Amino acid sequence: MYMARGLLLVISGPSGAGKGTICKKLLETNPQIRVSVSATTRKPRTGEVDGVNYFFIEKEKFEDMLELDEFLEYAKVYDNYYGTPKNYVLENLKNGNDVLLEIDIEGALQIKEKFKGGVFIFILPPSMEELRNRIVGRGTETEEDIKKRFGSALDEIKQVIKYDYAVVNDDLTRAKEDVEAIIRAERCKVMRVYEEIQSRF
Ligand code: 5GP
């Protein structure tokens, strides 16, 4: 069944839960999904590419964009600004592509206010111990950053209740399949296809 509008997929979860890895795997086999590249004032990590991982911009530029209402949502996370540029998301949804946002909880809640049809997915680690191992093992953050990220994780997990779906990332393949199952089920929601059904029958 043809659907004119794509799904807005919002994925959150504590640092180290594996959101990025799940999203990457999801994109390999789901070419209709577009990823929104966020703007951030955080400095790039080794290997990160401007325009691919993020648009790395100065604080002044971020504030200019805010002033011009160019963000769909934004938040200050661990002392840096992060925001979703508006145009890319709206254009793609209009064209029937699904758009994936990997953003923090504060930003996700802003989207929830604006998009009644958004799909909100929370990625959980199998345990706190495993979460710590993953953040440390990543080796990309300073000691202080690791403390901040791990310290926020439990508070973040308590907010899972505000999401539609929870996916535990204990096995990457299964977690990715869970997200695909969510997407398939969402496409069949009557509220999404009702207009189309009415026009056909
Ligand atoms: P990181 O510094 O590890 O790349 O990201 C830190 C946090 O910022 C993660 O929870 C990530 O999901 C979130 N984040 C990334 N981009 C955005 C964005 O555009 N908006 C919001 N609200 N959060 C974002």
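Our subject is the structure that appears above.
Definitions and cut-offs
- Residues numbered from 1 in each chain as written.
- Predicted model: local features only at pLDDT ≥ 70, side-chain atom pairs only at ≥ 80, totals over all residues.
- Heavy atoms only, no water.
- Helix = DSSP H or I, 4+ residues; strand = E, 2+ residues; numbered from the N terminus.
- Buried < 20%, exposed > 50% of the residue type's maximum accessible area, 1.4 Å probe, protein only.
- Lys, Arg positive; Asp, Glu negative; His and termini not counted.
- Salt bridge = Lys/Arg side-chain N within 4 Å of Asp/Glu carboxyl O.
- Contact = heavy atoms within 4.5 Å.
- Pairing = 2+ DSSP bridges.
- Axes fitted to C-alpha atoms, helices over the stretch in contact; angles between N-to-C directions.
- Phe/Tyr/Trp six-rings, centres within 6.5 Å; stacked < 30°, edge-to-face > 60°.
- Lys NZ or Arg CZ within 6 Å of the ring centre and 35° of its normal.

1. Some remarks on the side chain of Glu-156
- Tracing the backbone shows Glu-156 in helix α6 (residues 143-157).
- One buried charged side chain, Glu-156, makes no salt bridge at all; its nearest oppositely charged neighbour is Lys-19, positioned 6.0 Å away.
- Residues contacting Glu-156, with those up to four places away along its chain left out, are Gly-13, Pro-14, Ser-15, Tyr-78, Ile-105 and Phe-122.

2. So, the sheet that holds strand β9 (residues 165-168)
- With respect to topology, 5 strands assemble into an open sheet ordered β2-β7-β1-β8-β9, the strand pairing being parallel. A single partner strand is all that each edge strand has here, and the edge strands are β2 (33-35) and β9. Within this sheet the neighbouring strands show an average axis-to-axis angle of 25°, counted without direction.
- Bridging between strand β8 (residues 119-124) and β9 involves 4 bridges; their strand directions are parallel. What sits directly across from Ile-123, in β9, is Val-167.

3. Side note on the side chain of Asn-30
- Along the polypeptide, Asn-30 turns up in the loop between α1 (19-29) and β2.
- A relative accessible area of 13% means that Asn-30 is categorised as buried.

4. Points about the sheet that holds strand β6 (residues 80-85)
- The strand order β4-β3-β6-β5 describes an open sheet built from 4 strands, whose pairing is mixed. Every other strand in the sheet has two partners, leaving β4 (55-56) and β5 (71-77) as the edge strands with one partner each.
- For β5 and β6, the ladder comprises 6 bridges, and the chain directions are antiparallel. When the sheet's bridge partners are listed, Tyr-74 is paired in β6 with Gly-83.

5. Describing the packing of aromatic side chains
- For the structure on display, the rule yields 8 aromatic pairs.
- Taking the centre distance of 4.5 Å and the plane angle of 25° together, the rings of Phe-62 and Phe-71 count as stacked. The same class applies to Phe-62 and to Phe-71, which are both buried.
- The cationic tip of Lys-112 hangs over the ring face of Phe-120; the distance from NZ or CZ to the ring centre is 5.5 Å.

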